[in-house]
Amino acid sequence: GPKVLQIPSHQIIDMGQMVTLNCDPVSNHLYFYWYKQILGQQMEFLVNFYNGKVMEKSKLFKDQFSVERPDGSYFTLKIQPTALEDSAVYFCASSRDRANTEVFFGKGTRLTVV
Amino acid sequence: GDSVTQTEGLVTVTEGLPVKLNCTYQTTYLTIAFFWYVQYLNEAPQVLLKSSTDNKRTEHQGFHATLHKSSSSFHLQKSSAQLSDSALYYCALSDGSSGNKLIFGIGTLLSVKP
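Below: a short report on this structure. Keep in mind that this is a model prediction, so the values were computed, not measured.

A look at the pattern of salt bridges
Residues and elements named next belong to chain A.
Here comes step 1: This model, assessed by the stated rule, comprises five salt bridges over all chains.
Here comes step 2: A salt bridge links Asp 86 to Lys 62; the nearest nitrogen and oxygen atoms lie 2.8 Å apart. Of this pair, Asp 86 sits in the loop between β8 (75-79) and β9 (88-95) while Lys 62 sits in the loop between β6 (53-57) and β7 (65-68), and the two are 24 residues apart along the sequence.
Here comes step 3: Under the relative-accessibility criterion, Lys 62 is labelled partly exposed at 23%.
Here comes step 4: A salt bridge links Asp 97 to Arg 96; its shortest N-O distance comes to 3.0 Å.
Here comes step 5: Note on Asp 97: relative accessible area 31%, which makes it partly exposed.

This is how it looks when you write it as structure tokens:
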């Protein structure tokens, strides 16, 4: 089936540094998402993105977070600067349509901030 | 706000026996869709079942679930568990209000033993 690719699968970074998580969504999808899963907790919505703009973001999407998809390339999540509480698995997802349609997920990037 | 509850963190069942994974929810929205996602080891979460119709049974890959709005439930069942069913199962709802945001339960790890 359609695949969402996330690069890298693991990343370790020093607190205060910048990190960019990359996502290659399904090719004909128009809506893109990031979810965050802290160990032992549920996956939580961070942000969704359409037509070059953030449509909705949760309270977890701090000011240090930003997303973009320049020229149809990777959909990225940037955290600058990182904090210890940013350690989590970040899942990228995409969907063709907006409402109540299947959302396809990547395998996730495990981010460890030390 | 919306929430999804999965009461069992781990369900262990013997191969060939029936299995049931519980999912209940709270939401204030009327237009909602429900999903069961399955995540196999080292794989991305993927949709197993989807439903938005009250009291209609949905089936896929031997699993079935029926949305019951009267009891706010969307339990997942299978009559005969297989070793290959061992995975993490997430229940999720989409309220359709904006951008296809999914609200996830914490997940249930299903372990099928020989």
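A short note on the sheet that holds strand β7 (residues 57-60) of chain B
Residues and elements named next belong to chain B.
Here comes step 1: Strand order across the open sheet formed by four strands is β3-β9-β8-β7, with antiparallel pairing between neighbours. Of all the strands in the sheet, the pair left with one neighbour each is β3 (19-21) and β7. Strand-to-strand, the axes of this sheet are offset by a mean angle of 20 degrees, without reference to chain direction.
Here comes step 2: Sheet topology places β7 next to strand β8 (residues 63-66); four bridges connect them, and they run antiparallel. Within the sheet, the bridge partner assigned to Thr 58 lies in β8 and is Ala 65.

Regarding the interface of chain B and chain A
Here comes step 1: At the junction of the two partners, chain B supplies 25 residues and chain A supplies 23 residues.
Here comes step 2: Both sides of the chain B and chain A interface together cover about 1900 Å² of buried area, and 50% of this is carbon and sulfur.
Here comes step 3: Counting across the chain B and chain A interface gives one salt bridge.
Here comes step 4: Linking Glu 56 of chain A and Lys 101 of chain B is a salt bridge whose minimum nitrogen-to-oxygen distance equals 3.0 Å.
Here comes step 5: Between chain B and chain A we count five residue pairs in polar contact (both at pLDDT 80 or more) in total.
Here comes step 6: Ranked by residue count, the leading element in the side of chain B that touches chain A is strand β5 (residues 33-39) of chain B, at four residues.
Here comes step 7: Of the residues that constitute the side of chain B that touches chain A, the class distribution is eleven nonpolar, ten polar and four charged.

Looking at the state of the cysteines
Residues and elements named next belong to chain A.
Here comes step 1: As enumerated under the stated definition, the model contains two disulfides over all chains in all.
Here comes step 2: Residue pairing for Cys 23: its cysteine sulfur links by disulfide to Cys 92, the two sulfurs lying 1.9 Å apart. Its torsion about the S-S bond being -70 degrees, the disulfide of Cys 23 and Cys 92 is classed as left-handed. Taken together, the residues span a long stretch of sequence, with Cys 23 in strand β3 (residues 19-24) and Cys 92 in strand β9 at a distance of 69 residues. Across the pair, exposure class does not vary: Cys 23 and Cys 92 are buried alike.

So, the environment of Ile 106 of chain B
Here comes step 1: You can see Ile 106 of chain B is positioned in the loop between β11 (102-104) and β12 (108-113).
Here comes step 2: Each C-alpha atom of the pair Ile 106 of chain B and Gln 6 of chain B lies 6.3 Å from the other, and the pair is 100 residues apart in sequence.
Here comes step 3: Residues within four places of Ile 106 of chain B in sequence aside, it is in contact with Gly 40, Gln 41 and Gln 42 of chain A together with Gln 6 and Tyr 90 of chain B.

Considerations on the packing of aromatic side chains
Here comes step 1: One pass over the full model with this rule turns up 16 aromatic pairs over all chains.
Here comes step 2: Note on Phe 105 of chain A and Tyr 37 of chain B: the rings are 5.4 Å apart at their centroids and 90 degrees apart in plane angle, and the pair reads as edge-to-face. On the criterion of chain membership, the pair formed by Phe 105 of chain A in strand β10 (residues 104-105) and Tyr 37 of chain B in strand β5 is interchain, its members lying in two chains. One exposure class covers both Phe 105 of chain A and Tyr 37 of chain B, and it is buried.
Here comes step 3: Between the aromatic rings of Phe 105 of chain A and Phe 104 of chain B, the centroid separation amounts to 5.8 Å while the plane-to-plane angle is 75 degrees, which identifies the pairing as edge-to-face. One end of the pair, Phe 105 of chain A, is in strand β10; the other, Phe 104 of chain B, is in strand β11, on a second chain.
Here comes step 4: Using a relative accessible area of 1% as the deciding quantity, one classes Phe 104 of chain B as buried.
Here comes step 5: One aromatic cluster is present, built from ring pairs that chain together Tyr 35, Phe 45 and Phe 105 of chain A together with Phe 35, Tyr 37, Tyr 90 and Phe 104 of chain B.

A word on the side chain of Gln 6 of chain B
Residue and element names in this part refer to chain B.
Here comes step 1: Along the chain, Gln 6 falls in the loop between β1 (3-5) and β2 (10-14).
Here comes step 2: Only 3.0 Å separates the side chain of Gln 6 from the backbone oxygen of Tyr 89, close enough to count as a polar contact.
Here comes step 3: Within the structure, the side chain of Gln 6 is placed 3.3 Å from the side chain of Thr 108, a separation counted as a polar contact.
Here comes step 4: Those residues in contact with Gln 6 that lie beyond four places of it in its chain are Asn 22, Trp 36, Tyr 89, Tyr 90, Cys 91, Gly 105, Ile 106, Gly 107 and Thr 108.

What counts and what doesn't
Residues numbered from 1 in each chain as written. Chains lettered and ligands numbered in written order. Predicted model: local features only at pLDDT ≥ 70, side-chain atom pairs only at ≥ 80, totals over all residues. Heavy atoms only, no water. Salt bridge = Lys/Arg side-chain N within 4 Å of Asp/Glu carboxyl O. Helix = DSSP H or I, 4+ residues; strand = E, 2+ residues; numbered from the N terminus. Buried < 20%, exposed > 50% of the residue type's maximum accessible area, 1.4 Å probe, protein only. Pairing = 2+ DSSP bridges. Axes fitted to C-alpha atoms, helices over the stretch in contact; angles between N-to-C directions. Contact = heavy atoms within 4.5 Å. Buried area = accessible area lost by both parts, 1.4 Å probe. Polar contact = N/O pair within 3.5 Å; in protein donor to acceptor, adjacent residues only side chain to side chain. Nonpolar A, V, L, I, M, F, W, Y, C, P; charged D, E, K, R; others polar. Disulfide = S-S within 2.5 Å. Phe/Tyr/Trp six-rings, centres within 6.5 Å; stacked < 30°, edge-to-face > 60°.

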